[in-house]
Amino acid sequence: MARILIIDDEALFRKMLRQMLEMAGYEVLEAANGEHGIAMFTAQPTDLVITDIFMPEKEGISTIQDLRRDYPNLKIMAVTGGGYKRRGFEYLQFADKVGADCVLRKPFERQELLDAVQQLLTPQTR
């Protein structure tokens, strides 16, 4: 069973995401910001990190950069619904450039999330 870490400051969103992923058979951990998320990942590595972009203490872009630097093979998904004058979608493009393997705009459909997670966690053959 793959383990996924959700990093998002919105407790309700983390709960919804956790339920979707657990119903699909994944083990899920949660953190409320990038600082806690990186500490949690270091203590309990996961197969995938799903991180929000806009969070207090340590936002998603820095979190992605730090995780990518220290764990280059880690799969990372960035998500956001906007923030700061709805420029969140520009930040998703930036997240892609700094190391996110996948980006999703909130709100997204359950199946869209599950398809993206499955694709990230499926070993690629060459």
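Just so we're clear, the structure is a prediction, and the values are computed from it rather than from any experiment.

Enquirer: Summarise the overall build of the protein; cite the residues concerned and give the values.
Expert: For the protein, the helix and strand inventory stands at five helices and five strands. Of the regular secondary structure in the protein, the N- to C-terminal order runs β-α-β-α-β-α-β-α-β-α. A compact globule built from 126 residues would reach a C-alpha radius of gyration of about 14 Å, and the protein, at 13 Å, matches this within 12%. The dimensions of the protein, computed from C-alpha atoms along their principal axes, are 40 × 30 × 30 Å. Across the 126 residues in the protein, those meeting the buried criterion constitute 47%. A separation threshold of at least 6 residues defines the contact pool for the protein, and within that pool the share at least 24 residues apart is 68%. Accessible surface computed for the protein: about 7,100 Å², of which carbon and sulfur atoms make up 50%. Counting 16 positive and 19 negative side-chain charges, the protein places the averaged centre of each group 3 Å from the other.

Enquirer: Lay out the pattern of salt bridges in plain terms, naming residues and giving numbers.
Expert: Opposite charge on two side chains lets them pair, provided their charged atoms get close. Scanning all chains against the criterion turns up ten salt bridges. Between E22 and R18 there is a salt bridge, with its nearest N and O atoms 2.6 Å apart. Of this pair, E22 and R18 both sit in helix α1 (residues 11-23), four residues apart, which is roughly one turn of the helix. Put simply, R18 and E30 hold a salt bridge, and the shortest N to O gap is 2.5 Å. In this pair, R18 sits in helix α1 while E30 sits in strand β2 (residues 27-31), placing the two residues twelve residues apart along the sequence. Through salt bridges with shared partners, a single network forms among R14, R18, E22 and E30.

Enquirer: How would you sum up helix α2 (residues 34-43)? Please name residues and give values.
Expert: All buried positions along α2 are accounted for by G34, G37, I38 and F41. Buried residues of α2 fall within an arc of 95° about the axis and therefore sit on the same side. On the buried face of α2, the contacting elements are β1 (3-7), β2, β3 (48-52) and α3 (60-70). The distance from a side-chain oxygen at the start of α2 to the backbone nitrogen of E35 is 2.9 Å, and the residue carrying that oxygen is N33.

Enquirer: Tell me about the nonpolar core, and please be specific about residues and values.
Expert: With 21 residues, the main nonpolar core has L17, L21, I50, M77, L113 and V117 as its most contacted residues. Those elements that place two or more of their residues in this core are β1, α1, β3, β4 (75-80), β5 (102-105) and α5 (110-121). Residue contributions to this core peak at five residues, all from α5. Setting aside chain neighbours within four positions, we find M77 in contact with L48, V49, I50, T51, C102, L104, L113, A116, V117 and L120. Ranked by size, the runner-up nonpolar core spans 20 residues in total, among them L29, F54, I61 and V98.

Enquirer: Account for the packing of α1 against α5, with residues named and values stated.
Expert: Running from N to C, α1 and α5 point in directions that differ by 60°, and their axes come no closer than 11 Å. As α1 runs across α5, the sense of the crossing is right-handed. For the pair α1 and α5, the contacting residues are L17, M20 and L21 in the first and R110, L113, L114 and V117 in the second. Among the residues making up the contact of α1 with α5, the classes are represented as six nonpolar, no polar and one charged.

Definitions and limits used
- Residues numbered from 1 in each chain as written.
- Predicted model: local features only at pLDDT ≥ 70, side-chain atom pairs only at ≥ 80, totals over all residues.
- Heavy atoms only, no water.
- Helix = DSSP H or I, 4+ residues; strand = E, 2+ residues; numbered from the N terminus.
- Rg over C-alpha atoms; globule rule 2.2 N^0.38 Å.
- Buried < 20%, exposed > 50% of the residue type's maximum accessible area, 1.4 Å probe, protein only.
- Contact = heavy atoms within 4.5 Å.
- Areas by Shrake-Rupley, 256 points an atom, 1.4 Å probe, with all protein chains shown as cover.
- Lys, Arg positive; Asp, Glu negative; His and termini not counted.
- Charge placed at Lys NZ, Arg CZ, Asp CG, Glu CD.
- Salt bridge = Lys/Arg side-chain N within 4 Å of Asp/Glu carboxyl O.
- Arc of directions from axis to C-beta.
- Polar contact = N/O pair within 3.5 Å; in protein donor to acceptor, adjacent residues only side chain to side chain.
- Core = buried A, V, L, I, M, F, W, Y, C linked by side-chain atoms within 4.5 Å.
- Axes fitted to C-alpha atoms, helices over the stretch in contact; angles between N-to-C directions.
- Left-handed = near helix turned anticlockwise from the far one by under 90°.
- Nonpolar A, V, L, I, M, F, W, Y, C, P; charged D, E, K, R; others polar.

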